[in-house]
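# Commentary on secondary and tertiary structure
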Amino acid sequence: MSSPLIEITAKKNSSEAIVEPFYLNLGPQHPSTHGVLRLVLELDGETILRCDPVVGYLHRGVEKLAENLNYNQTIVLSDRLDYIASVANNIVFALAFEKLFNLKVPRRARLLRTIVGEMARISSHLLWLATHALDIGAMTVFLYCFRDRERLLNIFEKICGARLTHSYVRIGGVRLDFTVDIVEDLYKFTEEFPHLITEYETLIDVNRIWLKRTKDIAVVTPEEAINLGLTGPVLRGSGIPYDVRKFRPYDAYDEVEFEVPVGEKGDTYDRYRVRMIEMRQSNKIIRQCLDKLKETEGEPVLAEDSPDLLIPERVREPEPKPHPKRGFIFTGREVSVVPVGEAFASIESPKGELAVYVVSDGSNRPWRLRLRMPSFVHISAIPELTKGHMIADLIAIIGTLDVVLGDCDR
Amino acid sequence: MKDLLSVIRDEFGKFILEVREEDLPTVIIKRDGFLEFIDFLRKEGFNHLLDLCAVDYLNYKPEKKIERFEVVYHLYSIPKRELLRVKVPIAESDCWQYSLTSFWKAANWFERECFDMFGIRFKGHPDLRRLLMPEDWEGHPLRKDYPVELPEEKEWKAYRKFKTKAKGAQ
Amino acid sequence: MDLSLLPAFVIMLIIYLVLLLLALLHVAYLTYVERKIIARMQQRLGPNRVGPRGLLQPIADVLKLLHKEDIIPSAVDRPVFLIAPLIALVCGASGLAFIPLWDKFVLSNLNVGLLFILALSSLSAYGVILSGWASNSRYAFLGALRASAQVISYEIAMSLALLSVVLMAGSFNLQEIVRAQAESPFKAFVFPQIIAFFIFMVSAIAETNRVPFDLPEAETELVAGYFVEYSGIRFALFYLAEYFGMVIMSGLAATCFLGGYLGPFEIPGLPFFWFLLKLYLLLFFYIWVRATLPRYRYDQLMGLGWKILIPLSLANLFLTALFKLWL
């Protein structure tokens, strides 16, 4: 053995063991960190003593970019934030800008937004269940969920032509109306989906290993959950029925009936149950909105004075040309068509509470666009949640928080 | 909400710069009385720190701001279902603000990000490091005098090193 | 040297080679069958591009792995790193020689065959531990730690379960065990020793590091565990060792509990029929489990081993001993 170790042993009191922490660098390239999350772990055997998340590997400066694009163009940026449920990001951007512009959105557009928002919730939760189960080792659930998510993505493709980055919601409404075909597909899907959820539940809900791996793991008390800023299913798993859809209804959520599930203990299993019930509720919401859609047949889906229709005519800006170096960052003339002021909008995205704070200086580009992303806050809670747990639990905790790094890093 | 705002006006009159009610009830308050004010709000039921961010008002045309920066807090009261915005102007020459980490653990990363992007220091923060940008990054990207694209000689050191290495390999 | 021994020696060598080739083929096609079956269970297709129904896929895989560069990271302990996969494979695969495939066909009819297989499978843990240690990587190190703890604790339960069988048969010779089963009123030890059989199957899954006990190589936690730094053919050797382990454990279970090569009736012209049938059924069980169950946590796994399986197998052993004593 090398001499330094002997020296240390000699110096130390013989009754005292030399304890040196074992450091493990988990990520940014790791199969179960859901992207490029890096965690520096200090371990004692397999037990985590300290955990320091390092983020920013996917930082694209969306907030800075948005200050240099006009309002419509920022919608496209929003797709790239939480790319699992990009419609949710579209909606919150549009809601904030509509508040700023004082636009009134037609009812049909609000219904359509609610439908696609809930579709995004289902597809996001399906992906969450798939990856969470895979992280814990249940491979079959993963593929079952992907099979059904595929159907939703196909419907999305019919709606707007894109499967992942939709850009479907526009300021003042939505881009396109649903065709008869889509409504039929959705009816069929909502009819079958509850049975599919039952199928996943039969696979894992009675499985003893699954229960052992999720029950009593990362218990969050209600006070702790609020203190950590957790929102969405994670907060509701701790027993607080805070849901933006109920507390500050937007779009058509005041028209539909649904329940907000809450957990009892606030452990990983409760959060799993909450999300499973949420999927059923989303299914119900889509169903109701589809029925209401018949009442608004033929109505417009975009507000009359939406900038999507008006800005090009009123402003008559030259077509944005790709700058040789800067690509499509648009720096056209500044024309005062937007009211000066600020607006704040928040929605219940599948991951949690997603908020946008926009400050306008009257030009066609936002002065400041602040994004409050759920994953960002949830990742900041990982050190608190993992204390005293094992590596295997850490993986389960990352899964149960449902983080997306595009969402966190912006 | 109206009652609360009038109470705020009475109790914190000497610190309050302005109370607005445009899209949201907004309180603009001096930095000095800020911590007591937040403590008061917490007792009033504003238990959820929804958002914490800064805005840079350098050369802001529509109105003359008192100071260059503003730190904006969005607080929500889950029991009362009320939303409140609190703004604190911060001078460029005296660029710091009190940390809220003793009230909310959630403030930890918000403040780190704010420091990273605007260079506003938070007094009382346990671990104020850069968050999204690399540790050896120079400048604070979300300030208005920071360009969208840096000239080549000012690019991040590590990136420049990689670039020369890649060129050498070709 | 006596020349008359030569033909016997050559015949023996040919038999060895044929058996090795068959075993390798079995292992290769076990990967294919596993992928196909799991694909069916998960409502997808599985390999279907190379050859009809993807039948040539294992061969393509082997060729690919042979062609790949054998990357040896600079920080590894070189000699140990190079030799570790060989230890794992050799110890894992040579157990095959002691399993009687047929009444007249067993390569090495050793009187302590069962002990020898257990010893070899314990030794194969060295391959895992050494590879984890030599890789000089923290993931591999953690994987090796988990593997050694797991293999040692489940070995005990497995040995105790097999000891009950030895008590029943009165011999360590596998051939004898099969005969003892034929002579016993039950025809197979699985009926009187159902607890031992259960313990053996669970421990065997743990011993071969398969789901739900695949902690040493848990992909979502330790990326690949102890062989994370290996590539190319050395990686394939670990893979082979795992599948050999499955085959041997299934073979052992078939021999010790299910009556080995004996069946309810003789099938003319197909001497290995019953043994292979039992082997395939047990292998299917492994694959089925993999498609169904999530993974245990480290401490839960140790708890299951030490708090449930070992006391249970001990109790079973005592019961068996008393049973033998009084009857």
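Worth saying up front: this structure is predicted, and the values here are computed from it rather than measured.

Our next topic: the interface of chain A and chain B. Contacts between chain A and chain B engage 45 residues on the former and 47 residues on the latter. Both faces combined, the contact of chain A with chain B buries some 4100 Å², and carbon together with sulfur accounts for 60% of it. For the salt bridge of Arg370(A) with Asp51(B), the shortest nitrogen-to-oxygen distance reads 2.8 Å. Summed over the shared surface of chain A and chain B, the result is 21 residue pairs in polar contact (both at pLDDT 80 or more). Per-class residue counts for the side of chain A that touches chain B are 18 nonpolar, 8 polar and 19 charged.

Bringing the environment of Ala252(A) into the picture now. All names here are of chain A. The topology assignment puts Ala-252 in the loop between α11 (244–247) and α12 (268–293). For the pair Ala-252 and Asp-148, spaced 104 residues apart in sequence, the C-alpha to C-alpha distance is 26 Å. If we ignore the near neighbours within four places in the chain, the residues touching Ala-252 are Arg-110, Leu-111 and Thr-114.

On to the sheet that holds strand β6 (residues 341–349) of chain A, then. Residues and elements named next belong to chain A. Spatially, 3 strands are ordered β6-β7-β8 in an open sheet, and the strand pairing comes out antiparallel. With partners counted over all chains shown, the strands left at the sheet margins are β6 and β8 (366–372), one partner each. Put simply, the sheet's adjacent strands are angled 15° from each other on average, direction ignored. Contacting β6, β7 (352–360) and β8, helix α4 (residues 86–101) runs over the sheet at an angle of about 150° to β6.

Residues and elements named next belong to chain C. You can read the domains of chain C as domain 1 (1–67) and domain 2 (73–326). Each of domain 1 and domain 2 has a C-alpha centre, and these two points are 20 Å apart. Tallying the contact residues gives 17 residues for domain 1 and 23 residues for domain 2. Summing both partners gives a buried area of about 1800 Å² for domain 1 against domain 2, and 86% of it is carried by carbon and sulfur. When the area that domain 1 buries against domain 2 is broken down by residue, the three leading residues are Leu-30, Glu-34 and Leu-65, summing to 30%. The closest approach of N and O atoms between Arg-210 and Glu-34, which form a salt bridge, is 2.6 Å. Inspection of the domain 1/domain 2 interface yields 5 residue pairs in polar contact (both at pLDDT 80 or more).

What counts, and where the lines are drawn
Residues numbered from 1 in each chain as written. Chains lettered and ligands numbered in written order. Predicted model: local features only at pLDDT ≥ 70, side-chain atom pairs only at ≥ 80, totals over all residues. Heavy atoms only, no water. Contact = heavy atoms within 4.5 Å. Buried area = accessible area lost by both parts, 1.4 Å probe. Salt bridge = Lys/Arg side-chain N within 4 Å of Asp/Glu carboxyl O. Polar contact = N/O pair within 3.5 Å; in protein donor to acceptor, adjacent residues only side chain to side chain. Nonpolar A, V, L, I, M, F, W, Y, C, P; charged D, E, K, R; others polar. Helix = DSSP H or I, 4+ residues; strand = E, 2+ residues; numbered from the N terminus. Pairing = 2+ DSSP bridges. Axes fitted to C-alpha atoms, helices over the stretch in contact; angles between N-to-C directions. Domains from an automatic or database assignment.

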